[in-house]
Amino acid sequence: MTEWQRIVMDAARRLRRNGLAGGAAALLILAVAPPTAGAHGFSGPLAWGLLLAFCLLPLALSVHLLFDAALFRLAASYDGEAAGLSAIDDGLARMGLRARGSVSATLPERLRGCRRLLWLQRIALAIAAMLYLVLLLDGMEGGGA
């Protein structure tokens, strides 16, 4: 295994792990929030709508991260960096997700894009957790009314 393949496989492993963990965390918040936080209090409809939105966003980003992990695994199956990145571009063009003949991004640019997606997922999960806490506190205070 070459150094390039090792880097790409490590990136694919991290993306897959983070995609699964982020999706599981969002699903956990969605599953636990209704029975524990209740639907009473001042923050009802708005906070529940925001919680749903900020849990669906990490789920969508998880799918994107898992897709990127699969693309990186495809690239790692090639011996050279140019051939691997070309295979990614070809696969994306065949699926209609990228125009043929467009400028190919380098590996560091692709990894930066994946890192950006990871941060978006983490921020959305943090906001969802804070919204859940608001609903939980509001449900404890306003649950008897």
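Scoring rules and cut-offs
Residues numbered from 1 in each chain as written. Predicted model: local features only at pLDDT ≥ 70, side-chain atom pairs only at ≥ 80, totals over all residues. Heavy atoms only, no water. Helix = DSSP H or I, 4+ residues; strand = E, 2+ residues; numbered from the N terminus. Contact = heavy atoms within 4.5 Å. Axes fitted to C-alpha atoms, helices over the stretch in contact; angles between N-to-C directions. Parallel < 35°, antiparallel > 145°, perpendicular 65-115°, else oblique. Left-handed = near helix turned anticlockwise from the far one by under 90°. Nonpolar A, V, L, I, M, F, W, Y, C, P; charged D, E, K, R; others polar.

### Description of the side chain of arginine 110
- In this structure, arginine 110 sits in helix H4 (residues 107-142).
- Those residues within four positions of arginine 110 in sequence are excluded, and the remaining contacts are Phe72, Leu85, Ile88, Asp89, Arg98, Ser104 and Ala105.

### Quick word on the packing of helix H2 (residues 44-76) against helix H3 (residues 81-94)
- For the pair H2 and H3, the least separation of the axes is 8 Å and the interaxial angle reads 130°. When the axes of H2 and H3 are compared, the pair comes out oblique. Here the hand of the crossing between H2 and H3 comes out right-handed. Counting all contacts with H2, which are made through Phe67, Leu71, Phe72, Leu74 and Ala75, the residues of H3 involved are Gly84, Ala87, Ile88 and Leu92.
- Across the contact of H2 with H3, the residue classes break down as 8 nonpolar, 1 polar and no charged.

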